[in-house]
Structures are given as C-alpha cells and as structure tokens.
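The residues making up each chain are set out below.
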Amino acid sequence: MTDTPEKIVHVPLGARAYDVHVGPGLLARSGALIAPLLRRPRVAVVTDETVGALHLDALRGGLDAQGITMTALALPPGEATKCWAQLERTTEWLLDQQIERGDIVIAFGGGVIGDLVGFAAAILRRGVRFVQIPTSLLAQVDSSVGGKTGINSPRGKNLIGAFHQPSLVLADTDVLQTLKKRDFLAGYGEVVKYGLLGDAAFFDWLEAHAPGMAGGDLSARIHAVAHSVGMKSAIVVRDETEQGDRALLNLGHTFCHALEAATGYSGRLLHGEGVAIGCALAFELSARLGLCAQETPSRVRAHLKNMKMKVDLSDIEGELPDAETLLALMGQDKKVQDGQLRFILARGIGEAFITSDVPRAAVLGVLQDALALR
Ligand code: GLY
C-alpha cells in the first residue's frame, strides 16, 4: 500500500539483516509481509492472554488473507512469565506443533513475550527464525529490535539468554491504542532515552510533539517509534553483542535496576518508569560531577513532568530502602565489570558516554538527596 504513512527501518547486520516496519494496519498485512520468509504456509504464534484476547483475531485474519495457517499459545501476562517453567512449556509446545528448522515462530506481545519467545526460538532445534510483532510502546522502540532474548533467574533479571536477531519486526502503531495510559507512558521512558543519549534534536522534537503523541497523534507516534528504532539499529550494528557502545542504551538503567529490585519488580514501578527516573538521576549525577551544565537536569525533569511521568523517588509509592542499600543493589547490576559500577553519564542532552570512573560518594550523595525529597 502506498497511501499508508508506514516507515521501514533496515537493520543492516549482514546475513542477519532485517526490516522493522512501523505504521498502522500491519496486523492486517502480516501475511503478505511474512509470506516471503516461509517455506510452508504455517506459523506458530506465542502471545499472552491479554494481547491474545485483544488482537489475535486480527493477526489470524492478516495471515489467513495469504493462506497462512496459525497455531497459537497464550501465556500468562506479566514479568513472572519470563521463567524456566514457561520457557520449557513454550519450547515443548513448539515441538508438539512440529515446528521445524525452516519454520517461523511469531512473538506477539510486549517485552516479556518478545524476550521469552526469542530465546525459545534461539534454542529450539539449535535455532529457528522468529518474527517480532511487538504490541507495547516499550517493545516497539526497544526490546523487539537488536536480538537480546532471554528469561529471568531468581538471582536477577535477564541473566539467562542469547543474542538471536529476529527475521522481521512488525510494529503496528494501531495496537498502541489499546495500551493503558500508564503502560504507554512507561514505554515513553525508553523513547525519551534515545533523545537524551544521542540526539538533542530528537529531544527538542519530543519536547514539542510528545504530548500530542501520548494523546494519540498517529504520525507523531510513527515518527517517534521509527526514529527510536533507527537510533537503536545504528548502535546495535556498531556493537551487536554489547562489547562497548551498546551499553549507551542503558542510560538510566543502573539507577532503574536498583529501584526495580527495591520495589520487588512489582507494579509499584514499571521498567520504563524506572528508566525515566534513572535518566533524571543520571543527568543530576552528571551535573554534580561538572560534566554537563547545571540547568540540564532541570530541563530533563521538566519534560518528564510535562509528560506526567514519574520523575522523583517520591513518585514511587511506599517505602524505599536507604541510599547505601540502593547503592548495594546497583552493585548487583549485570553491567558491573571487575566489581566496578559502570554508569552512562552525559556531557549534555544527546551526549551520553560510558564510564566506570564515578566516585562512590557522588552517587551516594545523589541518592541521599533524592530520598530526602520524599
Ligand atoms: N535494551 C537494551 C539493548 O537492547 O541493548
């Protein structure tokens, strides 16, 4: 169709290259877009019960239009699904469906489904191809692209997994309309991260257009998702397995992971909310270390507040541990190297960099002051 405002972002990873389609009506066109990948007209879809109830019929219709039959498994929604038991259930189900090496598995849901199903595809018969159809804003702009797949361990999030790139990503922006406002805004935490880490002009654009985007402006949504995916693609192509630059995508995440652990990975704090608070704290730390202008953290916070997002520790309901405990939780982050915390700090909006050279006292000071405002 030429009259849709769809955008296509190519992820040029050589033999593992793929396209990310961003736009409306992609579920209806899924059959036409997936058919060229298929050796036989049948796919296995793994979703969650919430997404399945809302959107599985639309996906089935899109596949059926090209004569592709679909078999589906719906897992319970929520982070707890990213576990060994559901991975086993998924892989055994895919074997029961007689999914072969040449077949395609579809991950149809948010970040939990994308990560779990991508990992199941990575290990099934030593690797089958999979298509990501992300249904949350967070999954559309971040987790569905770049090939990080995996599950959680009782010892921490995402500790078991594999890099396994999808063969195609279909980010249908119509599906975002069924997201709860809180989930949409949490996903926006990952969008704003891209402006903050590497593109000041995009941050300017978000300051002007993100309120409209949250209100439902379709072309703003398509632009924001496609631009975020384009930025992620450029970073992933430079550093697919996170030996260096890819860690920039973790701006705000060191603080976020400590806050998520402190709140028990519960509904008190969604991941994207923690990213937004973490970005505000990372800019505060950067300013205190004299790396960026003193007024820059205020600009970041003003935008997040304008978007009605969580930005302060006082926006998190319930008790939080003290600063020393939060710092200790940061030390359990995956990004710790040789016992040293790695931070993503910034010399300004759009100018993030990776460093291990952060005085413990400065981090503690930022946390103590943030907690004192509660
Ligand atoms: N979500 C961070 C990454 O994909 O590297």
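Criteria and cut-off values
Residues numbered from 1 in each chain as written. Predicted model: local features only at pLDDT ≥ 70, side-chain atom pairs only at ≥ 80, totals over all residues. Heavy atoms only, no water. Helix = DSSP H or I, 4+ residues; strand = E, 2+ residues; numbered from the N terminus. Rg over C-alpha atoms; globule rule 2.2 N^0.38 Å. Buried < 20%, exposed > 50% of the residue type's maximum accessible area, 1.4 Å probe, protein only. Salt bridge = Lys/Arg side-chain N within 4 Å of Asp/Glu carboxyl O. Near = heavy atom within 4 Å. Polar contact = N/O pair within 3.5 Å; in protein donor to acceptor, adjacent residues only side chain to side chain. Areas by Shrake-Rupley, 256 points an atom, 1.4 Å probe, with all protein chains shown as cover. Phe/Tyr/Trp six-rings, centres within 6.5 Å; stacked < 30°, edge-to-face > 60°. Lys NZ or Arg CZ within 6 Å of the ring centre and 35° of its normal. Pairing = 2+ DSSP bridges. Axes fitted to C-alpha atoms, helices over the stretch in contact; angles between N-to-C directions. Contact = heavy atoms within 4.5 Å. Parallel < 35°, antiparallel > 145°, perpendicular 65-115°, else oblique. Left-handed = near helix turned anticlockwise from the far one by under 90°. Nonpolar A, V, L, I, M, F, W, Y, C, P; charged D, E, K, R; others polar. Expected span 1.5 Å × (residues − 1). Arc of directions from axis to C-beta.

1. Quick notes on the overall build of the protein
No. 1: Regarding its fold elements, the protein presents 13 helices and 11 strands.
No. 2: Relative to a compact globule of 374 residues, whose C-alpha radius of gyration would be 21 Å, the protein shows 20 Å and is just as compact.
No. 3: By principal-axis analysis of the C-alpha atoms, the protein measures approximately 60 × 45 × 40 Å.
No. 4: Looking at the protein residue by residue over its 374 residues, the buried ones come to 58%.

2. Observations concerning the pattern of salt bridges
No. 1: A complete count under the given rule lists 21 salt bridges for this structure.
No. 2: For Arg-29, the salt bridge identified is with Glu-6, shortest N-O distance 2.3 Å. Of this pair, Arg-29 sits in the loop between strand S2 (18-23) and helix H1 (30-34) while Glu-6 sits in the segment before strand S1 (7-11); the two residues are 23 residues apart in sequence, bridging distant segments of the chain.
No. 3: One salt bridge in this structure joins Glu-284 and Arg-288, with 2.9 Å as the shortest N-O distance. One end of the pair, Glu-284, and the other, Arg-288, are both in helix H10 (residues 271-288), four residues apart, so they sit about a helical turn from each other.

3. Digging into the site of the ligand
No. 1: Taken together, Asp-142, Lys-148, Lys-232, Glu-242, Arg-246 and Leu-249 make up all the residues around the ligand.
No. 2: Note that a nitrogen atom of the ligand is positioned 2.9 Å from one of the side-chain N or O atoms of Asp-142.
No. 3: Contact between the ligand and Lys-148: an oxygen atom at 2.9 Å from a side-chain N or O atom of the residue.
No. 4: Starting from 200 Å² of accessible surface for the ligand in isolation, the protein chains cover 88%.

4. As for the packing of aromatic side chains
No. 1: A complete count under the given rule lists two aromatic pairs for this structure.
No. 2: When the centroid spacing of 6.1 Å and the interplanar angle of 15 degrees are considered together, the rings of Phe-202 and Trp-205 count as stacked. One end of the pair, Phe-202, and the other, Trp-205, are both in helix H7 (residues 200-215), three residues apart, so they sit about a helical turn from each other.
No. 3: Using a relative accessible area of 2% as the deciding quantity, one classes Phe-202 as buried.
No. 4: Arranged with centres 5.7 Å apart and planes meeting at 55 degrees, the rings of Phe-255 and Phe-343 form a pair that is tilted. You can see Phe-255 sitting in helix H9 (residues 253-262) and its partner Phe-343 sitting in strand S10 (residues 343-346), a full 88 residues away along the chain.
No. 5: A cation over a ring is seen here: Lys-193 above Tyr-194, with NZ or CZ 4.9 Å from the ring centre.
No. 6: The cationic tip of Arg-347 hangs over the ring face of Phe-353; the distance from NZ or CZ to the ring centre is 3.9 Å.

5. Section: the sheet that holds strand S5 (residues 104-109)
No. 1: Pairing within the open sheet is mixed, and its seven strands lie in the order S1-S2-S9-S6-S5-S3-S4. Edge positions in the sheet fall to S1 and strand S4 (69-75), since each has one partner strand and no second. The average angle at which neighbouring strand axes cross in this sheet is 20 degrees, direction not considered.
No. 2: In the packing of helix H4 (residues 111-123) onto the sheet, contacts are made with strand S3 (42-48), S4, S5 and strand S6 (129-134), and the angle to S5 comes to roughly 165 degrees.
No. 3: Across the sheet, helix H8 (residues 218-238) lies against S1 and S2, angled at about 10 degrees from S1, the strand it touches most.

6. Details of the pairing of strand S8 (residues 156-163)
No. 1: In this structure, strand S7 (residues 148-153) lies alongside S8, joined through five bridges in antiparallel fashion. Within S8, the position partnered with Thr-149 by the bridge is Ala-162.

7. Points about the packing of helix H6 (residues 181-198) against H8
No. 1: Across the interface, H6 lies against H8 with an axial gap of 10 Å and an inter-helix angle of 55 degrees. Looking at the two axes, H6 sits oblique to H8. Pair H6 / H8 crosses with left-handed handedness. Seen from H6, the contacting residues are Phe-184, Val-191, Tyr-194, Leu-197 and Gly-198; seen from H8, they are Arg-221, Ala-224, Ser-228, Met-231, Lys-232 and Ile-235.
No. 2: Grouping the amino acids of the contact of H6 with H8 by side-chain chemistry returns seven nonpolar, two polar and two charged.

8. Section: helix H3 (residues 84-96)
No. 1: End to end, H3 covers 18 Å across 13 residues, agreeing with the expected 18 Å (1.5 Å per residue, within 8%).
No. 2: Regarding H3, the residues found buried are Gln-86, Leu-87, Thr-90, Thr-91, Trp-93 and Leu-94. All buried residues of H3 lie within an arc of 160 degrees about the axis, which places them on one face of the element. Turned more than 90 degrees from where H3 packs its buried face, Ala-85, Glu-88 and Asp-96 sit exposed.
No. 3: Directly beyond the C-terminal end of H3, a positive phi value near 60 degrees is found at Gln-98.

9. With respect to the environment of Thr-135
No. 1: Position of Thr-135 among the secondary structure elements: in the loop between S6 and helix H5 (137-143).
No. 2: Residues Thr-135 and Arg-238, 103 residues apart in the sequence, show an inter-C-alpha distance of 27 Å.
No. 3: At 3.4 Å, the side chain of Thr-135 forms a polar contact with the backbone nitrogen of Gly-110.

10. Here we look at the side chain of Thr-91
No. 1: If you trace the backbone, Thr-91 turns up in helix H3.
No. 2: Those residues in contact with Thr-91, other than ones at most four positions away along the chain, are Ala-120, Ile-123 and Leu-124.

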